[in-house]
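# Observations on chain architecture
The primary structure of each chain is shown beneath.
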Amino acid sequence: MIERSRPCTSYNGRKKRRLQAETIISAVNDHLPRSFQVETAFFRTAGEVCRVSFGTEAEPTINHPTFSTEDIERELAAKDHALMPDAAYLAYKGLSNGGCHMPSLHSVRTRRLIINESIKLHKLDRAKKGDGCRRNVIDLLHFIYQIPDIYEQINALPVQENGRRKLRVRFAGDGRATTKRTGTVMCVLALLDEKKKNASREYTVNLCNGKEDRAAFEATLIETLNELKILRKEGITFVDEDEKEVKCDVSLTMCADRKFLGMFLGVLAANAKYFCPYCYCTKEVIADFGVSSWEIKRSYADAKKLIDKPTGDERLGYVDLPLLDLPFDCVVPDTLHLFLRIMGKLVSQVTVWAVEQNRQADLEKEMARIGVPFSIKEEETKFTWSNLDGNDLERVLARLDLKNFLHDSASAGQGALPKAPIWHLKLSDLKALCRVHKVSSAGRSKAEFINRLCGVPRNEELERLLTKPCRHTVRPMVVDDIVRLWQEFRVLHYSLKCDVGEENYLDSKAFFAKAKKFGTLFVETTFEEDVTPYIHTLVYHVHQFLKIYGSLAQFSLQSVEKKNHMQTTVFHRMSGKGGHHSCYTKQCMEYENRQLYYRVHGLFYEPRKYKPRHHPEDNELVGPTLRDEEARQDEAAAAVLAQDPVANGDNDFNELNVA
């Protein structure tokens, strides 16, 4: 080792130092051996000491575990099931225990790239930021035909007179807010003949960055819709293990929430005059349940004929042509959102009544008794309360005792007395009326505007709006009537969840009679303006689809909503989130390609089913559990249903203005 001396900037000094270094190195090299031979080396890795011997002729011997392709695929399946990113896998492999018993990250990545191509993915450049991806519908169906349970179910379908089987396929779509700034639109297919119904049985065919918008649909769904047209017209032919052809006709249906459905079918939103996607009912008669029936009248031909009319009334609610020429009786109502919106309206009504009777604490106590988190807050001039999800609403419908926090009242809010026509005006019309009479048009509730108009000088038109009663009136609130209304809806809801032949199932005729009874009781007990398009659909159109399809339990979009949640989780844990020029939609679709590959090859991870075990001493120590209480209440609800001889709103912002 040569110690550096004081820096010298002159050329002679640098030359002298170089000559000294060469002299010293030459002297050292003369005394070093000219050849080396390593015989044994020891390494410590993953907590173990490895000995490597080097012979004169033999190659170095290192004992590494070998992994087959199936081992690597099983490791990859477990990694995907746990949503483990590559960095976490590498960190786990580097632990002292068991690291050498896992395949290398390189081998896992290599196999993953191969599996990602099991179903070809097509990029959608017309999506927002070019971040869109789709699968060919025909390729997808051919691939999932290889899944053992689907293979058996399709081959077991009865053969029709034309020698072909009938394959029932449901197309669905939904949009979601993946992050605050990122929206995603998803379209999926499902085989209605599959016995299991869950999110893994929803097969994504189109996934795009963006929001639910008609222009975005037209730009990104063209190829998928053309493939669906061909599939519906020509059917599909599979090849079984014996290389025999299995020919199938395809019965295509569609299901979506009201927002997606309106944009897809080219009809106005639910707050328009012509609100219904099936018939030509208007908002003026939406609460008149004396009408015998509203048949499904809309069609692609009608839309083509009326779309060029000059006025909205002449177009009867059409704003665009449907994206797919599908009969409207194949567009089935979504039973999940049907329940959520109607049940949400019922809960909002009883919450308003509890606030008006100053029984908020009793309502919160009753909600706590049944295990539902719920709170009411007063903010300046309004009350706000918790939004409940589907599971909470199910529990509320089954177990909430209205008599524990409500009592009969001669005044049921604004609807207790005969309602004046002004209550049926839209908010936009009320604001315009306020501007005409030179009062403030700021606000968000009808009561606020009407209170202002009551204090201004009245002309003939305003006098008529404020004093002349409507044809329908509302009786004072009677709790027993509200309880009976909830019981009627409970019977309808439980019947929609049943298949044909089950205990609580209602056929189309019985369901229609029960639904009309519910609609009439709703108007008599509550308010006409609370009748929503979903209630109209429940009363007049659900029974028509029951007559066609027998049961609507298979048309619930609960699995689609779960699919939304799963893809959002994959976005946050298994994708680049769209950064560094990454395409998160492609990464999500590749993840689903791998899930399908695991099902085809029997690598799909099935979690163990644990059965809880209780010791006899548990009940003595802690008393009856919450599960025991829920079981008791379930039995009570079933007893209420058994006594029935037949069974043997769009408010996302919950508030009450108190100005």
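Residues numbered from 1 in each chain as written. Predicted model: local features only at pLDDT ≥ 70, side-chain atom pairs only at ≥ 80, totals over all residues. Heavy atoms only, no water.

Before going further, it helps to examine the overall build of the protein chain. When you go through the protein chain residue by residue, the secondary structure sums to 25 helices and 12 strands. Looking at the protein chain as a whole, 46% of its 659 residues are labelled buried. Accessible area of the protein chain: about 36,100 Å², with a carbon and sulfur share of 52%. (Helix = DSSP H or I, 4+ residues; strand = E, 2+ residues; numbered from the N terminus. Buried < 20%, exposed > 50% of the residue type's maximum accessible area, 1.4 Å probe, protein only. Areas by Shrake-Rupley, 256 points an atom, 1.4 Å probe, with all protein chains shown as cover.)

Taking 1.5 Å per residue as the helical rise, helix α2 (residues 69-81) with its 13 residues ought to reach 18 Å, and the 18 Å between its terminal C-alpha atoms agrees with that figure. Among the residues of α2, Ile72, Glu73, Leu76, Ala77, Lys79 and Asp80 are the ones counted as buried. When α2 is viewed along its axis, its buried side chains cluster within an angular range of 160° and face the same direction. Buried residues along α2 sit in contact with α3 (86-93), α4 (105-116), α22 (558-574) and α23 (584-600). (Expected span 1.5 Å × (residues − 1). Arc of directions from axis to C-beta. Contact = heavy atoms within 4.5 Å.)

This part is about the sheet that holds strand β8 (residues 236-239). The strand order across the open sheet formed by 7 strands is β3-β4-β7-β6-β5-β9-β8, and the pairing between neighbours is mixed. Each edge of the open sheet is held by one strand with a lone partner, namely β3 (121-123) and β8. Between one strand axis and the next, the sheet turns through 30° on average, direction left out of account. Pairing geometry for strand β6 (residues 183-191) and strand β7 (residues 203-209), over 6 bridges, is antiparallel. Pairing of Met186 across the sheet is with Leu207, part of β7. Packed on one face of the sheet, helix α9 (residues 258-265) meets β5 (165-177), β6 and β9 (245-256) and runs near 110° to β9. (Pairing = 2+ DSSP bridges. Axes fitted to C-alpha atoms, helices over the stretch in contact; angles between N-to-C directions.)

A complete count under the given rule lists 30 salt bridges for this structure. In this structure, Arg74 engages Glu70 in a salt bridge whose closest nitrogen and oxygen atoms are separated by 3.1 Å. Of this pair, Arg74 and Glu70 both sit in helix α2, 4 residues apart, roughly one helical turn. Accessibility expressed as a relative area gives 42% for Arg74, which makes it partly exposed. Each of Lys79, Asp86, Arg109 and Arg112 takes part in salt bridges that share partners, so that together they form one network. (Salt bridge = Lys/Arg side-chain N within 4 Å of Asp/Glu carboxyl O.)

All right, on to the nonpolar core then. In this structure, Phe264, Met343, Val396, Trp486 and Leu538 are the most contacted members of the largest nonpolar core, which totals 138 residues. At 13 residues, helix α12 (residues 335-356) tops the list of elements feeding residues into this core. With 12 residues, the next largest nonpolar core counts Ile422, Trp423, Leu453 and Leu462 among its residues. (Core = buried A, V, L, I, M, F, W, Y, C linked by side-chain atoms within 4.5 Å.)

Turning our eyes to something else, we now look at the state of the cysteines. This model, assessed by the stated rule, comprises 0 disulfides. Among the cysteines around Cys588, which has no disulfide bond, Cys583 carries the closest sulfur, lying 9.1 Å off. Under the relative-accessibility criterion, Cys588 is labelled buried at 2%. (Disulfide = S-S within 2.5 Å.)

Close contact between α12 and helix α18 (residues 479-496) brings their axes to 11 Å; oriented N to C, the two are set at 165°. On the basis of their axis angle, the class for α12 and α18 is roughly antiparallel. As for how α12 packs across α18, the hand of that crossing is left-handed. Residue-level contacts link Thr335, Leu338, Phe339, Ile342, Met343, Leu346, Val347, Val350 and Trp353 of α12 to Ile482, Leu485, Trp486, Phe489, His493 and Leu496 of α18. Taken together, the residues that form the contact of α12 with α18 break down as 13 nonpolar, 2 polar and no charged. (Parallel < 35°, antiparallel > 145°, perpendicular 65-115°, else oblique. Left-handed = near helix turned anticlockwise from the far one by under 90°. Nonpolar A, V, L, I, M, F, W, Y, C, P; charged D, E, K, R; others polar.)

Quick look at the side chain of Arg165 now. Looking at the secondary structure, you find Arg165 in strand β5. There is no salt bridge for the buried Arg165, and the closest opposite charge comes from Asp240, which lies 7.4 Å off by N-O distance. Engagement of the side chain of Arg165 in a polar contact is seen with the backbone oxygen of Leu157, the distance being 3.1 Å. For Arg165, the contacting residues outside a window of four places in its chain are Ile154, Asn155, Leu157, Pro158, Val159, Gln160, Val246, Lys247, Cys248 and Asp249. (Lys, Arg positive; Asp, Glu negative; His and termini not counted. Polar contact = N/O pair within 3.5 Å; in protein donor to acceptor, adjacent residues only side chain to side chain.)

Relative to the assigned elements, Asn162 resides in the loop between α6 (148-155) and β5. Separated by 87 residues in the primary sequence, Asn162 and Asp249 have C-alpha atoms spaced 9.8 Å apart.

Let's shift gears to unusual backbone geometry. Working note: non-glycine residues mostly have negative phi, and peptide bonds are mostly trans. Of note, the phi angle at Leu83 is positive, near 55°, even though the residue is not glycine. Summarising the element assignment, Leu83 is placed in the loop between α2 and α3. A positive phi angle, near 60°, is found at Asn358, a position not held by glycine. Considering the arrangement of structural elements, one finds Asn358 in the loop between α12 and α13 (360-369).

On to the pairing of strand β4 (residues 132-135), then. Burial of the side chains of β4 extends over both faces: Gly132 and Arg134 are buried on one face and Cys133 and Arg135 on the other. Bridging between β3 and β4 involves 3 bridges; their strand directions are antiparallel. Looking at β4, one finds that His122 is bridged to Arg134. Pairing between β4 and β7: 3 bridges, direction antiparallel.

Any link to function would need more than the numbers given here.
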